[in-house]
Amino acid sequence: MIRWMIVIFLALLLISWATPLFKKLGFGRLPGDFHFKAFGREWFLPFASTVLLSLVASLIGYLI
């Protein structure tokens, strides 16, 4: 179980590091990405960016 916790921690660390890079590349501004304010906070739901990155990861995995 500790291995999974380490993997999840490293994945979250990598995602938080790569988020500004993805924003510069245009991810987060696709038509299926939602931004809204509720309860005094700004919320971001990147549905289209998630699907696109998943397809790219699947293609890379298929080619390898």
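Remember, predicted model here, so these are calculated numbers, not experimental data.

### Section: helix 1 (residues 2-25)
Here's step 1: Here helix 1 is 24 residues long and its end C-alpha atoms lie 34 Å apart, about the 34 Å a rise of 1.5 Å per residue gives.
Here's step 2: Within helix 1, the axis deviates most sharply at Thr19, by approximately 40°, and proline Pro20 lies no more than four positions further along.
Here's step 3: Directly after helix 1, the chain includes Gly26, whose backbone phi takes a positive value near 105°.

### Description of the side chain of Ser49
Here's step 1: Take Ser49: it is sitting in helix 2 (residues 47-63).
Here's step 2: A residue is classified by how much of its surface remains accessible, and Ser49, at 5% relative accessible area, is buried.
Here's step 3: Residues in contact with Ser49, not counting those within four places in the same chain, are Phe27, Gly28, Leu30 and Asp33.

### Some details on the side chain of Asp33
Here's step 1: Note on placement: Asp33 falls in strand 1 (residues 33-38).
Here's step 2: It is Arg29 that comes nearest to the buried, bridge-free Asp33 among opposite-charge side chains, at 8.2 Å.
Here's step 3: Reaching out from Asp33, the side chain makes a polar contact with the backbone nitrogen of Ala48 at a distance of 3.1 Å.
Here's step 4: One polar contact links Asp33 to Ser49, side chain to side chain, over a distance of 2.7 Å.

### Observations concerning a nonpolar patch on the surface
Here's step 1: On the surface, Met1, Ile2, Met5, Ile6, Phe9, Leu10 and Leu13 cluster together into a nonpolar patch covering about 810 Å² of accessible area.
Here's step 2: For Phe9, the location among the structural elements is in helix 1.
Here's step 3: Since its relative accessible area comes to 54%, Phe9 is described here as exposed.

### Brief notes about the pairing of strand 1
Here's step 1: Pairing geometry for strand 1 and strand 2 (residues 41-46), over six bridges, is antiparallel. Bridge pairing links Ala38 to Arg41 in strand 2.
Here's step 2: Hairpin remark: strand 1 followed by strand 2, antiparallel, with two residues in the connecting loop; positive phi at Phe39, about 60°.

What counts, and where the lines are drawn
- Residues numbered from 1 in each chain as written.
- Predicted model: local features only at pLDDT ≥ 70, side-chain atom pairs only at ≥ 80, totals over all residues.
- Heavy atoms only, no water.
- Helix = DSSP H or I, 4+ residues; strand = E, 2+ residues; numbered from the N terminus.
- Expected span 1.5 Å × (residues − 1).
- Bend = angle between axes of the 7 residues up to and from the residue.
- Buried < 20%, exposed > 50% of the residue type's maximum accessible area, 1.4 Å probe, protein only.
- Contact = heavy atoms within 4.5 Å.
- Lys, Arg positive; Asp, Glu negative; His and termini not counted.
- Salt bridge = Lys/Arg side-chain N within 4 Å of Asp/Glu carboxyl O.
- Polar contact = N/O pair within 3.5 Å; in protein donor to acceptor, adjacent residues only side chain to side chain.
- Patch = residues over 30% accessible without salt bridge, like charges linked within 9 Å, V, L, I, M, F, W, Y side chains within 5 Å.
- Areas by Shrake-Rupley, 256 points an atom, 1.4 Å probe, with all protein chains shown as cover.
- Pairing = 2+ DSSP bridges.

Read these as geometric descriptors, not functional statements.
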